[in-house]
Structure formats: structure tokens, C-alpha cells
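Examination of the molecular architecture
As a plain string of letters, each chain reads:
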Amino acid sequence: MSDVTSTKTENAENAEPDDGPPRLTRLTFHGPLSEERADRIVRRLAGAAPRTVLDLGCGWGELMLRVLTAVPEARGVGVDVNARDLDRGRRDAEARGLAERVEFVEESAVGTARGPADLVLCLGASQALSAEEPPRHTAEALRELRRLVADGGRVLLGEGFWQRPPTTAELAGMWPGARADDHYDLATLVDLAVAAGFRPEWVETANADEWEEFEAGYQADTEVWLAGHGDHPLAAETRERLDRHRAQWMSYRGVLGITYLTLIPA
Ligand SMILES: C[S@@+](CC[C@H](N)C(=O)[O-])C[C@H]1O[C@@H](n2cnc3c(N)ncnc32)[C@H](O)[C@@H]1O
């Protein structure tokens, strides 16, 4: 799976800022999502007036915080296994006066005992809901989302899909072990959501600009750091990591998509 759709944690990425390269400081969302699309999604989700929000694989929980800002009666819980991203979420919540209404919890979301919630978010993190290997994890994640959403609520699932079948050469350039059955096509994915007990309120997909903005932002801070730290002990491995990810991105560019499904439990 790609960085967008996987949990892969890279040690160098988690280096403390003082010790090495910065981490994801140019990203607002940890995925290809524009301000315009985020605004539309937040308006749609807020329209359902959720009182409780559960963000699974939340990272720093930017979209959840925006929903909480839009719905002053709502309370949120974000669950993730990445302590640094959770800390960023807590700092952002504090800065926006949301700290009393949101909790960022460091735990795995697999088999979570939390919920049900009126709004369940799972953005680029379906693997946080299932220990299964792709593509079986997608169906299990959808079953979990159906279990975790309250009657009359909403789920927002941001999930990878193939925009077209990848070639063997493209797969060889993607993440290690990439396979043609790592993802479904969009039609199959939405059918799976329906089979799991949802109706699709809205189906949308990130466009090429959102992908380029995200992938450039994913590396830009580290590229700038590297330019000024050529003799740093971490420079060589950082350069290698940047080159590796850029090559992967060039292989899944235009092939891997991400869809944002706003789902109503049926
Ligand atoms: C691509 S990031 C998306 C983060 C966030 N949803 C967003 O869109 O900004 C995927 C996230 O899933 C988290 N994750 C992976 N496995 C997990 C698990 N078992 N339980 C909770 N979170 C997990 C990772 O730590 C990472 O923060």
C-alpha cells in the first residue's frame, strides 16, 4: 500500500525535529485533500448534526477538528498509534479552543471498543480497522465502520482504489510488494460499501492537483532541510528515503486514486 493508504512508519520520519529532518510540516491533511473539498465535506457532515465524532487512524485529526468547529455541540475522539501526530492534534485543538471537546488517544483502532458515534471518520486509514491483508481488509473495515456508526449517522471513508489496472512495471516501482489486488476499482469499492450495509450519499475522488499538492508537500520540508544539511549524519539515509518515495509516487501517479465516500448506514 502507499503512504496514503498504509500505516508504514519510517524511523527516519519519526526523528525528533532537533535531531534530523522535519516531518510532514507542509501538510494540512495527511492525504490528497484540497481546502475546497474539505470545506464541502465538512458542510455536508455538519449538516447531519453529529453529537459524537470518532476518527479512526486520525493522525493529527484535521478534518475532525474542522467538524467540531462547525458543530459546537459535538465532541470528538481521535484514535491513532502515532504519538507525534496525536501530539500535533492536541496542540491544534488547544490553539482552536477545542481541547475540552476532543480527545486524542494513542491506541490501535483494530477491534476498537469505542463507538458507536454519529460520525465516524476513517481517512486513508482503513488498515487501522483490520489486521487482514489487502484487499480483504477493505471489506472488514467496512463491516467495522457499519458496526461503529450510530443509526442515522454518517461515515466518511477515504480509501485507495485503482483508477485503472496497474501494469507490471508500475507495480514494480510502487511500494514494496505492491500487487494488482492491493486495491479495488471504484465501482467495486462502492458496491462493497453497499454490501456492508451503507447507501452512498456522496462519491468523490481526489483530482490530479490534490495528489500533486499532497505528494510535493509530503517531501518538500525534508528536501529543504537536506539542502542545508548535506553533512548531517542523517543526510545520506534521508536522501535515499526521499529518492525512494519520489520513485514510488512516479509509479502510482495517475494509477492509484483516493475516494472520499460519505456513507449512510442503511
Ligand atoms: C495516511 S495516515 C491518515 C491520517 C489521517 N486520517 C488524515 O487523513 O490526516 C494513516 C494513519 O493511520 C494510522 N494507523 C495505522 N494503523 C493504525 C491502527 N492499527 N490503529 C490506529 N491508527 C492506525 C497511522 O498511524 C496514520 O496516522
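Going by the structure above, here's the rest.
Residues numbered from 1 in each chain as written. Predicted model: local features only at pLDDT ≥ 70, side-chain atom pairs only at ≥ 80, totals over all residues. Heavy atoms only, no water.

**Observations regarding helix 2 (residues 62-70)**
Note the threshold: Residue burial is assigned from relative accessible area. The probe radius is 1.4 Å, only protein chains are included, and a residue is buried under 20% of its type maximum, exposed over 50%, and partly exposed in between. Labels follow the DSSP assignment, with helices taken as runs of H or I lasting at least four residues and strands as runs of E lasting at least two, numbered in each case from the N terminus.
The buried fraction of helix 2 amounts to seven of the nine residues, a majority that puts the element mostly inside the structure. Listing the buried residues of helix 2 in full gives E62, L63, M64, L65, R66, V67 and L68.

**Re the nonpolar core**
To keep it simple, the criterion reads: Working definition of a nonpolar core: buried Ala, Val, Leu, Ile, Met, Phe, Trp, Tyr and Cys residues. They are joined through side-chain atoms within 4.5 Å. Residue contacts follow a heavy-atom distance rule, with two residues in contact if any of their heavy atoms lie within 4.5 Å.
Counting 42 residues, the largest nonpolar core has L45, V53, L63, F104, L121, M174 and W211 as the members making the most contacts within it. Excluding residues within four positions of it along the chain, M174 makes contact with W162, P166, Q248, S251, Y252 and V255.

**Focus on the pairing of strand 1 (residues 52-56)**
As a reminder, the rule being used: One bridge is not enough; two strands pair if DSSP finds at least two bridges between them. Here a crossover is taken to be right-handed if, once the strands point away from the viewer, the path from the first strand over the helix to the second is traced clockwise.
Of all five residues making up strand 1, four are buried, and the element is well covered by its neighbours. Summarising the sheet, strand 1 and strand 2 (residues 75-80) pair through five bridges and their orientation is parallel. By the bridge assignment, L54 is partnered in strand 2 with V77. Traced from strand 1 through helix 2 to strand 2, the parallel crossover comes out right-handed.

**Concerning the environment of P200**
Within the secondary structure, P200 is located in strand 6 (residues 198-205). Excluding residues that lie within four positions of it along the chain, P200 makes contacts with V190, V194, T262 and L263.

**Concerning the side chain of R88**
Going by this rule: Whenever a nitrogen or oxygen atom comes within 3.5 Å of another N or O atom, the pair is scored as a polar contact, on the condition that within protein one atom can donate a hydrogen and the other can accept it, and that pairs from neighbouring residues in sequence are kept only if both atoms are in side chains.
Positionally, R88 belongs in helix 3 (residues 83-95). Reaching out from R88, the side chain makes a polar contact with the backbone oxygen of L24 at a distance of 3.1 Å. Among residues more than four places away in sequence, those in contact with R88 are L24, L27, T28 and W60.

**Some words on unusual backbone geometry**
Here the residue pair G115 and P116 is connected by a cis peptide bond, since its omega of 0° sits within 30 degrees of zero. On the secondary structure map, P116 appears in the loop between strand 3 (102-106) and strand 4 (117-123). With an omega of 0°, the peptide bond running from P134 to P135 counts as cis. Here P135 is to be found in the loop between strand 4 and helix 4 (136-148). The backbone of A49 sits at a positive phi, close to 50°, despite the residue not being glycine. With respect to the helices and strands, the residue A49 is situated in the loop between helix 1 (35-47) and strand 1.

Any functional reading would require information beyond the geometric quantities listed.
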